[in-house]
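Observations on the model geometry
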Amino acid sequence: MPNMSLIKNEMPVQDPKVRSGNFFEVALGYTEAQAIDEANRCLGCKNKPCVSDCPVNVDIPAFIGEIAAGEFEKAYQIITRYNSLPAICGRVCPQETQCEGKCIRGRKGEPVAIGRLERFAADCHNAREEDKKTGLKARAGKSQVAVVGSGPAGLACAGSLAQKGYGVTIFEALHVEGGVLSYGIPEFRLPKTIVQKEIQGLKNMGVEIAVNTVIGKTLTIDELFSTYGYKAVFIGSGAGLPKFMNIPGENLNGVYSANEFLTRINLMKAYMTDSSTPIHRGKKVAVVGGGNVAMDAARCARRLGAEVTIVYRRTEKEIPARLEEVEHAKEEGIVFQFLTSPVNIAGNEKGWVNKIVCQKMALSEPDESGRARPVPLEGSEEEAEVDCVIMAIGTSPNPLIKSTTAGLDTQKWGGIIADEETGQTSRRGIFAGGDAVTGAATVILAMGAGKKAAEAIDAYIKSI
Ligand SMILES: Cc1cc2nc3c(=O)[nH]c(=O)nc-3n(C[C@H](O)[C@H](O)[C@H](O)COP(=O)(O)OP(=O)(O)OC[C@H]3O[C@@H](n4cnc5c(N)ncnc54)[C@H](O)[C@@H]3O)c2cc1C
């Protein structure tokens, strides 16, 4: 008999008062008993609506069925047929708008906690199989496919190609692999040991990763073909270029882009007491924006000891961040100012930020994004004392690859133009996917694009 409870098994979490002072993981994961109980809520629908909304089409009812039967390793093996990064996706995927959004149990009550169960299966495997080699090896000989960027898109593309027997080399600009998984999403949401473990799984399959290699500077894409003999290139270079509002004061000391702030904290470990990475530890911090990036920046600043206010120009209803992140931020004492937008940042005589001036907004007809357009209310300016401002209002693709690759077509805003199904770009043999094509999106969409491109690259190489 299925478990007909209308609510999910709750995820055990660190106490908000304790966790707002540390960087340890917030969500602690299900016990075996909780996982089996939750898995028994799945009805095992024959038409599998949950699978249709998973960009990598994991056979969700099948893996949940194995968890219900206590066969945790079998569950993991099912997931990894479709998804090479399950411990990561189980933690950060927006399941509420994807697989769980389609779950039948969600019609009367809460959907099955698919993400938590995915995380459970992956964590069980990782705990049991310490760094065991998969036995799969890329074809001997030199690499045939070059992948630019080691974020979820590049990793998924490389993993799928390695499974097919191709030699693959990933070229990564930073000194650590993982893209946003390593430099953006904080330790307390996604521990870096988990990211490294899942990347190690790909290396065990034969994927090579060359870090500290900026394509477009160290080497060009044309050189990858002509000098190094790669047959195809996949571009998964993400959208790491921060946007600013172009308001006065954004160049003051103490004003960060969220990307820089998070990179210093996550990649360069500025939060650790023995770290040599400089970081401005503000006491009163304003974070501008309402997405996951804004929540992550705010929660990091809180953990560094600040009073933090999130300034968002629409209402709570429109906030793009995951509900869970907003709730966690509130529990940790972060204040939200909705319908508010900065117009000016002021500084002291030494050039350090000391004030932010914000304007009240009202919502009007939907804009091109389909969301209600915020319009400023004249004369509603208010100033607040702050000693740090973090801008988290979006990112776009870095123009370096476009500017060094002749014939590679891009959108006006910088996104590489690529076929949705195959990732084929305007240049023969060059494929692209993930945030570099769509602009800032999600881990699983980037992985889906990487996987689809791997199929197309396989077909392309066989055809030449
Ligand atoms: C702070 C933050 C929090 C987020 N939270 C979530 C979340 O909770 N859930 C979710 O689903 N999504 C989240 N996202 C979005 C998600 O992380 C991205 O959509 C996803 O990482 C995109 O993957 P990608 O592989 O396309 O690019 P990226 O992850 O950006 O990886 C691109 C990689 O390419 C490298 N690169 C760039 N240019 C070059 C070059 N010229 N040569 C070599 N290497 C290069 C970069 O250094 C980087 O490592 C978040 C994003 C941020 C910034």
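The structure presented is a predicted model; accordingly, all values stated were derived computationally and were not measured.

**As for the pairing of strand β8 (residues 307-311)**
The buried fraction of β8 is high, at four of five residues. Sheet analysis places strand β7 (residues 284-288) next to β8, joined by five bridges and oriented parallel. Directly across from Val285, in β8, lies its bridge partner Val308. Regarding topology, helix α13 (residues 292-303) serves as the crossover connection from β7 to the parallel β8, and that connection is right-handed.

**Let's talk about the nonpolar core**
Counting residues in each nonpolar core, the largest one holds 133 residues, and the members touching the most others are Ile67, Ala121, Phe234, Val287, Ala297, Val389 and Ile390. At 10 residues, helix α17 (residues 443-463) tops the list of elements feeding residues into this core. If sequence neighbours within four positions are ignored, Phe234 has contacts with Val145, Val147, Val148, Gly154, Cys157, Gly423, Phe431, Ala432, Ala453 and Ile457.

**Overview of the sheet that holds strand β3 (residues 208-210)**
Spatial ordering of the open sheet is given by β3-β2-β1-β4-β16, a layout of five strands whose pairing is parallel. Looking along the sheet, the strands with just one partner apiece sit at the ends: β3 and β16 (430-432). For this sheet the average axis-to-axis angle between neighbouring strands, irrespective of direction, equals 20 degrees. Across three bridges, the pairing between strand β2 (residues 168-171) and β3 is parallel. Counterpart to Ile170 in the pairing with β3 is Ile209. With respect to the sheet, α17 is in contact with β1 (145-148), β4 (232-235) and β16, its orientation differing from that of β4 by roughly 165 degrees.

About the criteria used
- Residues numbered from 1 in each chain as written.
- Predicted model: local features only at pLDDT ≥ 70, side-chain atom pairs only at ≥ 80, totals over all residues.
- Buried ≥ 20, exposed ≤ 12 C-beta atoms within 10 Å, placed from the backbone.
- Helix = DSSP H or I, 4+ residues; strand = E, 2+ residues; numbered from the N terminus.
- Pairing = 2+ DSSP bridges.
- Right-handed = clockwise from strand over helix to strand, strands pointing away.
- Core = buried A, V, L, I, M, F, W, Y, C linked by C-beta atoms within 7 Å.
- Contact = placed C-beta atoms within 7 Å.
- Axes fitted to C-alpha atoms, helices over the stretch in contact; angles between N-to-C directions.

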